[in-house]
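Take a look at the letters that make up each chain.
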Amino acid sequence: MNQRPRTVAIVDDDKIFQLTTSRTLQIAGLAENILQFDNGEDALKFLKEYAHQPDALPDVLFLDINMPMVDGWMFLEDYAVIKESLTKPISIYMVSSSIDPRDVSRAHRNENIVDYILKPVSREKLAEIMQKQAEYVSSQHLADS
Amino acid sequence: MGQKKKIATKKAAGVSKKPSAKKSHKIATKPDTPPAKQGISAARKRIEQALRESEQRFRTLQQASFGGIGMHDQGIIIDCNQGLCDITGYTRNELIGFDGLNLIAPEWRALVREKILSGYERSYDVVGIHRNGIKYFLEVQAKNVPYRGKVVRVTEFRDISERKLTEEKIKEQNARLTSITQELKRKNDQLEEFTQIVSHNLRSPVGNILTLLTLLEESAEETEKAEYISLLKVSAFAAQQTLLELHEVLRIKENIEVERQHLHFADIFSRTEDMLSGIITELSATVTGDFSLAPSLLYPGIYLESIFLNLMSNSLKYSRSRVKPVITFRTYKNNEETILEVADNGQGIDLDRYGHQVFKLHKTFHKHPESRGIGLFMIKNQIETLGGEISIESEVNKGTKVFVNFNKRHVDEPETADSSHSRR
């Protein structure tokens, strides 16, 4: 019974954001495994590699927009293609410092984005996200059984 | 032909004016004159009178006309009105016997000759030449008419300088408005981009600072606290750095009128080479410059140095491992435009994938530790502020070519009016 979402991926080129977010998740006991990627390309490579190992795949993925090489938007384009091959549904949250309404509405229009979250992300917000994910996972389990 | 006869008769009537008057008097005093003959004389008198009036009317109309009217026989002016004198600057005496083509600017004479030969009767625009040598816009309309037994050409000249000038002014205004619109659009785009940068690049470190402070407050361990404090410093520095860069960008945008100097590309090139000599030696790079086709440029020195430095260091930074960098700088002219082309054999960029990001701030395309992604953004701003353009061609694992067009001529810029067509 692995109902609780335990694996979180952070895709962000900002090392400090990676560190503060993973520390906050750890301190609050919100995640067991935290995967950190500096850009979209590395994250995509990982997802493709572990597509058939649901335990290795993240439950929640925090995706930055502005990154070198493959940015958040480009990640989403490629994710849409590989999504079907993944053995676990991943809830993707776009996490950015951009308050540009064009970014916000673009994120909301993307079917693979659960929500758009503005940085900095508070502990409360992280807890809320993980709670929502837990509810989603258990509802999926009920539907399956 | 009827017209010809009428004119001929008119002349004759004019000459025999007095005797005719006497005759009519005689007629009046001779009641024995047959009624038929009397009738013919009266009719003749009436015709003569009508002709005189017609001649008078013609003269008046001709003189009153604002246009210049001339009558030409085989190209030679045989008669003209005051209007033609006013337009051309010659007196009537000077004009009579003058070749009408001399009133047309030399480069337009062939056209006019062709119109005369073909008997063209609609109006057309040419350039006239005034007695004082000054050229002016002219609308010409001519018609072949029979006159004293031969066919002459009656020509009307209309000075349309005013109209042409107005037309040109409208065209100029239109071009100016178009360019203002483009400039505003460009400014607006830049402003949006600027907001985006401020939004992202300032909020990121500030957000980090806030989160780090929370973690610091809650931390009990000294080593952890020290870690947070050092990261706080990094974030604060990043925020400050962004502020400095944004200030720099604003400074460039405001500074369109920055002083331009006469610069030799070769000088700037060797100065750049000197600045990067360390890395050039380290990579055994071959850096060459050929500026023979366009050796110099009027441009702000600091900007040109910045362009050379950024492009050369980018080519060096993104060279392929185990491939000695070969970088060539060359300049050439494309019409009035001066182009700088920088080619390298480096890693290249997949432009289909990353093309939209190339000139954005803090965009880097290589996992290089020194990538800060400022260079191309900054020089693009400098180049565009001075009316130029930068573009890129690249192939992954082959190399990159960057083109800087320093003084791009925009297609819809107003055409410079021929200065010789000034008003008399």
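Whatever comes next refers back to the structure up there.
What you see is a predicted model; the values in this text were computed from it and never measured. (Residues numbered from 1 in each chain as written. Chains lettered and ligands numbered in written order. Predicted model: local features only at pLDDT ≥ 70, side-chain atom pairs only at ≥ 80, totals over all residues.)

Trainee: Could you give me a rundown of unusual backbone geometry, with the residues and numbers involved?
Mentor: Cis geometry is adopted by the peptide bond preceding Pro120(A), which originates at Lys119(A) and carries an omega value of -5°. Checked against the element boundaries, Pro120(A) lands in the loop between strand S5 (113–118) and helix H5 (123–144). Phi at Arg322(B) is positive, roughly 65°, even though this residue is not glycine. Topologically, Arg322(B) is positioned in the loop between helix H11 (301–317) and strand S9 (326–334). Under the C-beta neighbour-count criterion, Arg322(B) is labelled exposed, with 5 such atoms within 10 Å. (Helix = DSSP H or I, 4+ residues; strand = E, 2+ residues; numbered from the N terminus. Buried ≥ 20, exposed ≤ 12 C-beta atoms within 10 Å, placed from the backbone.)

Trainee: Residues and numbers for the sheet that holds strand S3 (residues 60–63) of chain A, please.
Mentor: Residue and element names in this part refer to chain A. Across the sheet, 5 strands lie side by side as S2-S1-S3-S4-S5; this open sheet has parallel pairing. Edge strands, defined here as strands with exactly one partner in the open sheet, are strand S2 (33–37) and S5. For this sheet the average axis-to-axis angle between neighbouring strands, irrespective of direction, equals 20°. (Pairing = 2+ DSSP bridges. Axes fitted to C-alpha atoms, helices over the stretch in contact; angles between N-to-C directions.)

Trainee: Could you give an account of the pairing of strand S2 (residues 76–80) of chain B, with specific residues and numbers?
Mentor: Side-chain direction in a regular strand flips from residue to residue, so the side chains alternate between the two faces of the sheet. In terms of strand pairing, strand S1 (residues 68–73) of chain B meets S2(B) through 4 bridges, oriented antiparallel. Following the sheet pairing, Met71(B) is matched in S2(B) by Asp79(B).

Trainee: Describe in detail the nonpolar core, supporting the description with residues and values.
Mentor: Counting residues in hydrophobic clusters, the biggest one holds 31 residues, and the most contacted among them are Ala9(A), Val11(A), Phe62(A), Leu63(A) and Tyr93(A). Looking at this core, the elements with two or more residues in it are strand S1 (7–11), S2, helix H2 (40–49), S3, helix H3 (72–82), strand S4 (91–96) and H5 of chain A. Leave out the neighbours within four places in its chain, and Val11(A) touches Phe37(A), Gly40(A), Ala43(A), Leu61(A), Phe62(A), Leu63(A), Asp64(A) and Phe75(A). Val287(B), Ile379(B), Ile383(B) and Phe406(B) belong to the second-largest nonpolar core, a separate cluster that totals 28 residues. (Core = buried A, V, L, I, M, F, W, Y, C linked by C-beta atoms within 7 Å. Contact = placed C-beta atoms within 7 Å.)

Trainee: Describe the sheet that holds S9(B), naming the residues involved and giving the relevant values.
Mentor: Residues and elements named next belong to chain B. With respect to topology, 5 strands assemble into an open sheet ordered S7-S9-S10-S12-S11, the strand pairing being mixed. Of all strands in the sheet, those bounded by a partner on one side alone are strand S7 (286–290) and strand S11 (389–395). Averaged over all neighbouring strand pairs, the angle between strand axes comes to 15°, with direction disregarded. Sheet analysis places strand S10 (residues 337–343) next to strand S12 (residues 399–405), joined by 5 bridges and oriented antiparallel. Of the residues in S12, the one forming a bridge with Glu341 is Phe403.

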